[in-house]
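# Survey of secondary and tertiary structure
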6 protein chains.
Amino acid sequence: MRPSGRKLDEMRVVSIETGVMRHAEGSCLIKVGNTHVLCTASVEDRTPPFLKNTGLGWVTAEYGMLPRATNTRNRREAATGKQGGRTVEIQRLIGRALRAGVDRSALGERQIVIDCDVIQADGGTRCASITGAWVALRLAVDKLMKAGQIVSDPMIGHVAAVSCGIYAGQPVLDLDYDEDSAAGVDGNFVMLGDGRLIEVQMSGEGTVFARSQMDQLLTLAEKGVGELVAAQKAAL
Amino acid sequence: MRPSGRKLDEMRVVSIETGVMRHAEGSCLIKVGNTHVLCTASVEDRTPPFLKNTGLGWVTAEYGMLPRATNTRNRREAATGKQGGRTVEIQRLIGRALRAGVDRSALGERQIVIDCDVIQADGGTRCASITGAWVALRLAVDKLMKAGQIVSDPMIGHVAAVSCGIYAGQPVLDLDYDEDSAAGVDGNFVMLGDGRLIEVQMSGEGTVFARSQMDQLLTLAEKGVGELVAAQKAAL
Amino acid sequence: MRPSGRKLDEMRVVSIETGVMRHAEGSCLIKVGNTHVLCTASVEDRTPPFLKNTGLGWVTAEYGMLPRATNTRNRREAATGKQGGRTVEIQRLIGRALRAGVDRSALGERQIVIDCDVIQADGGTRCASITGAWVALRLAVDKLMKAGQIVSDPMIGHVAAVSCGIYAGQPVLDLDYDEDSAAGVDGNFVMLGDGRLIEVQMSGEGTVFARSQMDQLLTLAEKGVGELVAAQKAAL
Amino acid sequence: MRPSGRKLDEMRVVSIETGVMRHAEGSCLIKVGNTHVLCTASVEDRTPPFLKNTGLGWVTAEYGMLPRATNTRNRREAATGKQGGRTVEIQRLIGRALRAGVDRSALGERQIVIDCDVIQADGGTRCASITGAWVALRLAVDKLMKAGQIVSDPMIGHVAAVSCGIYAGQPVLDLDYDEDSAAGVDGNFVMLGDGRLIEVQMSGEGTVFARSQMDQLLTLAEKGVGELVAAQKAAL
Amino acid sequence: MRPSGRKLDEMRVVSIETGVMRHAEGSCLIKVGNTHVLCTASVEDRTPPFLKNTGLGWVTAEYGMLPRATNTRNRREAATGKQGGRTVEIQRLIGRALRAGVDRSALGERQIVIDCDVIQADGGTRCASITGAWVALRLAVDKLMKAGQIVSDPMIGHVAAVSCGIYAGQPVLDLDYDEDSAAGVDGNFVMLGDGRLIEVQMSGEGTVFARSQMDQLLTLAEKGVGELVAAQKAAL
Amino acid sequence: MRPSGRKLDEMRVVSIETGVMRHAEGSCLIKVGNTHVLCTASVEDRTPPFLKNTGLGWVTAEYGMLPRATNTRNRREAATGKQGGRTVEIQRLIGRALRAGVDRSALGERQIVIDCDVIQADGGTRCASITGAWVALRLAVDKLMKAGQIVSDPMIGHVAAVSCGIYAGQPVLDLDYDEDSAAGVDGNFVMLGDGRLIEVQMSGEGTVFARSQMDQLLTLAEKGVGELVAAQKAAL
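In this text the structure is predicted, and so the values were computed from the model without any measurement.

It is worth spelling out the overall build of chain A at this point. Looking only at helices and strands, chain A has 6 helices and 9 strands in total. For 236 residues, the compact-globule formula gives about 18 Å, and the C-alpha radius of gyration of chain A, at 18 Å, lands near that figure. In terms of principal-axis extent, the alpha carbons of chain A reach across some 55 × 40 × 30 Å. Here chain A, with 236 residues, has 60% of them falling under the buried criterion. Looking at chain A, you have 27 positive and 28 negative side-chain charges, and the mean spots of the two groups are 4 Å apart.

Right under this line is the structure:
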């Protein structure tokens, strides 16, 4: 019934390749089916002004998409002169998601900037970005710990995200672009590795949904995040 | 236990005054405690280009906040030269929420622009905006129907929104600013009048939450939205 | 002969309500007929760089208009990415007008930012803004004096403004929108309470005017400002 | 008593050289003492959208200043990314002034854009711009008439402008930079050649002025404009 | 003597992998040592307005660099709100280079947009971009020809580019970052496959060079371009 | 054969008038035929941040063109909100060219900003800008030396630039606009007075060129620069 032939609760093939960027303190290329995102972590000694002298660190993210990551070419945001609303929304989400998985006091007064650049898009880019971003962050933190710049591990647990939705009346896991553009209800679920929730965004543009459907999607999401965390572990 | 002395499941006082703007096709001033938002609906004969000749209408929203709506003055976005990420995120949410409650085919090929301008802020401005925006939209649609420009009512049901969160370890309804800035988990719930869900956004910046807590907040939200819908009905 | 039925030298009804904003150091809602402007004063401890260590304070203003303050919706300046020429011109005028009524040495090295936001427009918004802005400024200064932060009153006198013009060949006081858009000559007069002039702007777009007409308008303006100052006094 | 040794009612030396630009339909270099402005008129076959099919033409102006026209270098507006408030204010004034001297119906549905670029500044640049702009406009209209594209002369009369102010307590004509930066009251007067007024802007930043002083400045301005119109005639 | 141990006239290892992007009409990933650029070609049915009804096509290019392509993170141009001067310069060069190798009449009234995104940078990104861009363009044109949309091949010949410079007093081929940042003279040479020149840019920031040195670099460039053209042929 | 009747190796008439701007530390108006550029040098005590405490100075340039410098009016860059790609490219070239002729250590930790504003354009504006900019820079440096602020002359030699191209199949010196817009190959050559090269930019938009043609153009350029340096010497 799904265009890809997958079962309702079947994720696409996930692969995470680490160390793909020569310069970054942490990096990976995450592939969730045909969605490919390059994630890098850059460590900076300064924090945003509002954290000055608080002893707390910061993790933030920026998101971009190559113009031809999609079926038809999108205008380059650098050329249009601003990041679109969707981009802003996604990068704020990635940042919040990662910070929920970090003890910012243990991180110390430094900033880690995560760049998530979508090389190829086939639905679920924000979830793939979060899942890959966490790996890049983990690698950068490991490097700081090895160098003795951080003493106690600030990483609280794995952070991963997956989308679920109601497609053709059925709850399905890990929507690809064909499903996403036809889905009545679409949700993004960010979780810790132990199943606790960090962020839930469910939206029914042009339709509504029942509480019971929300529960079904949450159950699917728990399954998906479990598999993504396993992929993160395998990659590290 | 709440700074305001309210019970855990107690909303702030809600008032909705309609017809407050001389020029707009629909308008109201919604007050949720000390959060005051002016909502106007403007009917335009044109739609966005992508809807040309589809027979479908469009509802969109813009959000703004007066510089001194808050405790310390915020920079005026018109002067800084762009809308901030938070503003963009909120106005996209308001637009999606309203569209979920409208049959865009019955609306016909026209656009209704909702402006939500926060006159005074004390937490929950996006939820108050949605609840007030729906009233302004309802009034504008009524006007179009009275004028015979729309034949069949495109409004599917009431749309209202409320925030809930975990404050001091307890699930509470309708967070004010003091609670919002201290809450570990913060959620916004947009619903139809019949309790079905339109959008759920739960976020635990710096913390995580369990599925059971999510359920508690949803139950609170259902109560709050019920009261907001009653206020909408009273106002119309 | 005037669309509103007013006499040639008759102002619209003026009301000024103070203390309308919870957070601002000074605020008022001024209504001049159907023109409604919300004015707030925000006290800041810093001054613009060019005043550093001069002992002089600064008063500045920003002006905005809600998108649906007018008969047809105007584009939101925050969304277009810049303040239009008219906005810039008006806010510079408001700032100059207020500074002429303040002893900046007695004010001390601080800045007071006045925000004038037009909630509803029916002609004369810049004049109503100046008149209301002065009330907000007065209230903020009173607060600083009560707190002992300012010792000697820096307010030189009342500042108020009114528009006059030649409508249908006759000099009229306090143009509303219908008159303003049809007037051959349009003037804005900013004065101190004692009748001395702060700023005069007379313009005959598409026409010209004689020196004697300018005198007639000035005489009308003196009457109007007298009534506005009385309204300011009544409000305080 | 004046820094330049001029009498109170003495203009600086004025020269207007026409035809200085090879490409423009009309052009002149106006020098008012050390203030030098290059004015060009460009004829365009289109009008702004709001005039489409009205049979009316449009005259508009843009103003700029070379970065080193002044004593210390100003930042280039093209590099900062926007025109400053002062620039916007001035170019709007120039446009209004010129339009008041033109029968836009006789001009026909075309636009003439006047560019006023300050090569060197020593006070009074906006007035010199208006006076020179009129000459460039006159030349461009002459060219259109010679070519038979305009039948009846749309130019109502000469338009010229001069600044006057209260300097060291005395009313003086044609302020240079030294006077302008010290003047208590500063006025710009735009007039037709027959002495009728087009625009009056008087401003007392940091001070106030009496109606009688305004009269004195107006009398000075009439003298100055008379001399500027004579210079315009001599140049043509 | 070279940091990499290469001989003076030795290129880095070049590889070009085609078909790396699922959606683009043509694509490749070119690696010149550690400089990696992803090039895509997007075919559009419209041309820039100035070519309307001329029968001529257009080829244009955009260039970008991932924030962490370099040793220290660069600010994302989409976030800063504009493309930097270097970016603009490079993408104009790529466009000119490609157009010189295309018969725009045979291409027909369509536009091909080439996106060159630097994934990793180690010097010579503009040259690698041109060389890769040509491959992407060739593939897109092949696709149009196979589909019968273009009848006669518009590609005049191979276009490739290489940098040469004076490093430590010696002329060297294909500068990497270490050499580039220390080189006294730096040149970029764009050529057709038959050795004819399309663009030469030689620059001696902080130094000067003799005509004989220019000749030496040209000779090196001819060798390099020969090898790059061989790599292009191998990839297709 | 040339539209102007000039011989193949004949420059247009060159004139350089110094001291044309009252305020600038150095200035000249350079005319190369009908191309007229006003160049000013402004000395500033600060340098860009990256030179702080290095003892090195900086020379930078900005380029602009009056809207009606050309045959049809160009949009004012200050009004469009950004400098175009061509402007950015040219001003970067001018800056690099000048820096190559300056010992930045002898200049000391200060910045000289050169503004090149094209008053009238007839081809070759970037080359005229460089040649005139050097004169303005020389004058500003002389002034600093006379004032004892610089001890040892930082100027290495004359810097001048000329364009050459292949027009109607022939190599020609100093292209004017008619030639430039029709030329197959177009080159800009920046040289020191002793004939050594600073920058070479040759471009064959829509065509290609042979190495032997490049040699011919270089020989022409050497002749042209010789004459420009003579004009610089005559002006000083």
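There's more to say after this.
In this section: the pairing of strand E8 (residues 185-192) of chain C. Residues and elements named next belong to chain C. Of all 8 residues in E8, 7 are buried, a share of seventy percent or more. Relative to E8, strand E6 (residues 159-167) runs antiparallel, the two being bridged by 8 bridges. Paired with glycine 165 across the strands is aspartate 186, a residue of E8. Sheet analysis places E8 next to strand E9 (residues 197-203), joined by 6 bridges and oriented antiparallel. When the bridges of E9 are listed, valine 190 appears paired with glutamate 199.

Regarding chain A and chain F, the two do not touch, and the least distance separating their C-alpha atoms is 10 Å. For chain C and chain F, which are not in contact, the least C-alpha distance works out to 10 Å.

This paragraph deals with the UniProt feature "binding site: phosphate" (unreviewed entry) in chain A. Residues given the UniProt feature "binding site: phosphate" (unreviewed entry) here are A:Arg86, A:Gly124, A:Thr125 and A:Arg126. Taken together, the annotated residues stretch across 41 residues yet fold into one region, lying no more than 13.2 Å apart by C-alpha. Positionally, A:Arg86 belongs in helix H2 (residues 85-100). For A:Arg86, a relative accessible area of 33% corresponds to the partly exposed category. Apart from the residues lying within four places of it in its own chain, the contact partners of A:Arg86 are A:Tyr63, A:Met65, A:Thr125, A:Arg126 and B:Arg92. Structurally, A:Arg126 can be placed in helix H4 (residues 125-146). Using a relative accessible area of 18% as the deciding quantity, one classes A:Arg126 as buried. Ignoring sequence-local partners within four residues, the contact set of A:Arg126 consists of A:Arg86, A:Glu89, A:Ile90, A:Leu93, A:Asn188 and A:Gln201.

Here E:Ser203 shows up in strand E9 (residues 197-203). Note on E:Ser203: relative accessible area 15%, which makes it buried. Polar side-chain contacts of E:Ser203 include one of 3.0 Å to the side chain of F:Glu199.

This part covers the interface of chain E and chain A. Interface size is commonly expressed as the accessible surface area that is lost when the partners come together. On the chain A side, the residues contacting the 36 residues of chain E number 36 residues. Across the interface of chain E and chain A, roughly 2800 Å² is buried in total on both sides, 49% from carbon and sulfur atoms. Ranking the residues of chain E by area buried against chain A places E:His23, E:Arg68 and E:Arg76 at the top, with a combined share of 26%. Across the chain E-chain A interface, the total number found is 22 residue pairs in polar contact (both at pLDDT 80 or more). Secondary structure elements with two or more residues in the side of chain E that touches chain A: strand E3 (35-44), strand E4 (58-65), helix H1 (77-80) and strand E5 (111-120) of chain E. A per-element tally of the side of chain E that touches chain A places E5(E) first, with 6 residues. Grouping the amino acids of the side of chain E that touches chain A by side-chain chemistry returns 15 nonpolar, 10 polar and 11 charged.

So, on to H4(A). One full turn of an α-helix is made of 3.6 residues, so residues set three or four places apart face in the same direction. Residues and elements named next belong to chain A. Between the first and last C-alpha of H4 there are 31 Å, a value that for 22 residues agrees with the 32 Å anticipated at 1.5 Å per step. Of all 22 residues in H4, 17 are buried; the element is thus mostly enclosed. Positive phi appears at glycine 148, one or two residues downstream of H4, with a value of about 80°.

Okay, the relation of the copies chain C and chain B next. Once chain C is rotated about the relating axis by 180° and shifted along it by 0.0 Å, it coincides with chain B to within an RMSD of 0.0 Å. Viewed as a symmetry operation, the transformation between the two copies matches a two-fold axis. Relative to the rotation axis, the closest C-alpha in chain C is found at C:Ala78, a distance of 1.9 Å.

Looking now at the interface of chain C and chain B. Listed as interface residues are 36 residues of chain C and, on the opposing side, 36 residues of chain B. By the criterion of area lost to chain B, the three top residues of chain C are C:His23, C:Arg68 and C:Arg76, representing 26% of everything that side buries. The interface formed by chain C and chain B includes 12 salt bridges. With its nearest N and O atoms 2.7 Å apart, the salt bridge here joins C:Glu25 to B:Arg68.

All names here are of chain D. Applying the stated criterion to the full structure yields 6 aromatic pairs over all chains. When the ring of phenylalanine 50 is compared with that of tryptophan 58, the centres are 5.2 Å apart and the planes differ by 85°; the resulting orientation is edge-to-face. Look at phenylalanine 50 and you get exposed, because its relative accessible area is 54%.

For the pair chain E and chain A, the relating rotation is 180°, the translation along its axis is 0.0 Å, and the fit reaches an RMSD of 0.0 Å. By residue overlap, the copies meet face to face through one surface: 100% of the interface positions of chain E are interface positions in chain A.

Right, let's get into the UniProt feature "domain: Exoribonuclease phosphorolytic" (unreviewed entry) in chain A. Those places that UniProt annotates as "domain: Exoribonuclease phosphorolytic" (unreviewed entry) correspond, in this numbering, to residues 10-140 and 159-224 of chain A. End C-alpha atoms of residues 10-140 of chain A are separated by 31 Å, and the span's content is 31% helix alongside 31% strand.

On to the confidence of the model for chain A, then. Of the residues in chain A, 100% have a pLDDT of 70 or more, and the chain-wide mean is 95. Listed scores for the predicted complex are pTM 0.90 and ipTM 0.94.

Strand order in this open sheet of 8 strands is E7(C)-E6(C)-E8(C)-E9(C)-E9(D)-E8(D)-E6(D)-E7(D), and the pairing throughout is antiparallel. Strands at the two margins of the open sheet, each flanked by one partner only, are strand E7 (170-173) of chain C together with strand E7 (170-173) of chain D. The average undirected angle you get between the axes of adjacent strands in this sheet is 15°. Strand contacts of helix H6 (residues 211-235) of chain C: E6, E7, E8 and E9 of chain C together with strand E9 (197-203) of chain D, with the helix running at about 140° to E6(C), the strand carrying the most contacts. Running at roughly 150° to E9(D), helix H2 (residues 85-100) of chain D makes contact with E9 of chain C together with strand E6 (159-167), strand E8 (185-192) and E9 of chain D of the sheet.

Located in the positive-phi region is C:Asn53, a residue other than glycine, with phi close to 60°. Take C:Asn53: it is sitting in the loop between strand E3 (35-44) and strand E4 (58-65). Of note in the backbone geometry, F:Ala168 takes a positive phi value of approximately 50° without being a glycine. Along the polypeptide, F:Ala168 turns up in the loop between strand E6 (159-167) and strand E7 (170-173). Classification of F:Ala168 by relative accessible area gives exposed; the value is 59%.

What counts, and at which threshold
Starting from 1, residues in each chain are numbered consecutively following that chain's sequence as written. Each chain gets a letter, beginning with A, and each ligand a number, beginning with 1, in the order they are written. Given that this is a predicted model, residues contribute local features only at a pLDDT of at least 70 and side-chain atom pairs are listed and counted only at 80 or more, while totals for whole chains, interfaces and linings are drawn from all residues. Only hydrogens and water are removed before side-chain values are computed, so all heavy atoms of the structure are retained for them. The numbering of helices and of strands both runs from the N terminus, where a helix is a DSSP run of H or I of at least 4 residues and a strand a run of E of at least 2. For the radius of gyration, the atom set is restricted to C-alpha positions; the globular benchmark scales as 2.2 Å times the number of residues to the power 0.38. The cut-offs for exposure are 20% and 50% of the maximum accessible area for each residue type, with area from a 1.4 Å probe on protein chains only; residues under the lower value are buried, those over the upper are exposed, and the others partly exposed. Charge assignment: positive for Lys and Arg, negative for Asp and Glu; neither His nor the chain ends contribute. Where a charge sits is defined by one atom per residue type, namely NZ (Lys), CZ (Arg), CG (Asp) or CD (Glu). Strand pairing follows a simple DSSP-based rule, namely that at least 2 bridges must link the two strands. Contacts are assigned to residue pairs with any non-hydrogen atoms lying within 4.5 Å of each other. UniProt positions are given in the numbering used here, feature names are shortened, and annotations may be inferred rather than shown by experiment. Whenever two N or O atoms come within 3.5 Å, that pair is a polar contact, provided that in protein one can donate a hydrogen and the other can accept it, and provided that, for residues adjacent in sequence, both atoms are side-chain atoms. Summed over both partners, the accessible surface that disappears when two parts come together, traced with a 1.4 Å probe, is what is meant by buried area. Polar here means any residue other than Ala, Val, Leu, Ile, Met, Phe, Trp, Tyr, Cys and Pro, which are nonpolar, and Asp, Glu, Lys and Arg, which are charged; Gly is therefore polar. In a helix, the anticipated span is given by 1.5 Å times the number of residues less one. The fit set for superposing copies consists of C-alpha atoms from residues with pLDDT of at least 70 in both; the fit itself is least squares. Salt bridges are defined by distance alone: a side-chain nitrogen of Lys or Arg within 4 Å of a carboxyl oxygen of Asp or Glu. The pairing test for Phe, Tyr and Trp rings, Trp by its six-membered ring, is centres within 6.5 Å, and the orientation test on the planes gives stacked under 30 degrees, edge-to-face over 60, and tilted for anything in between. For every residue, the pLDDT score states the predictor's confidence, bounded by 0 at the bottom and 100 at the top. Axis lines are fitted to C-alpha atoms, over the contacting stretch for helices. Their N-to-C directions set the angle, which ranges from 0 to 180 degrees.

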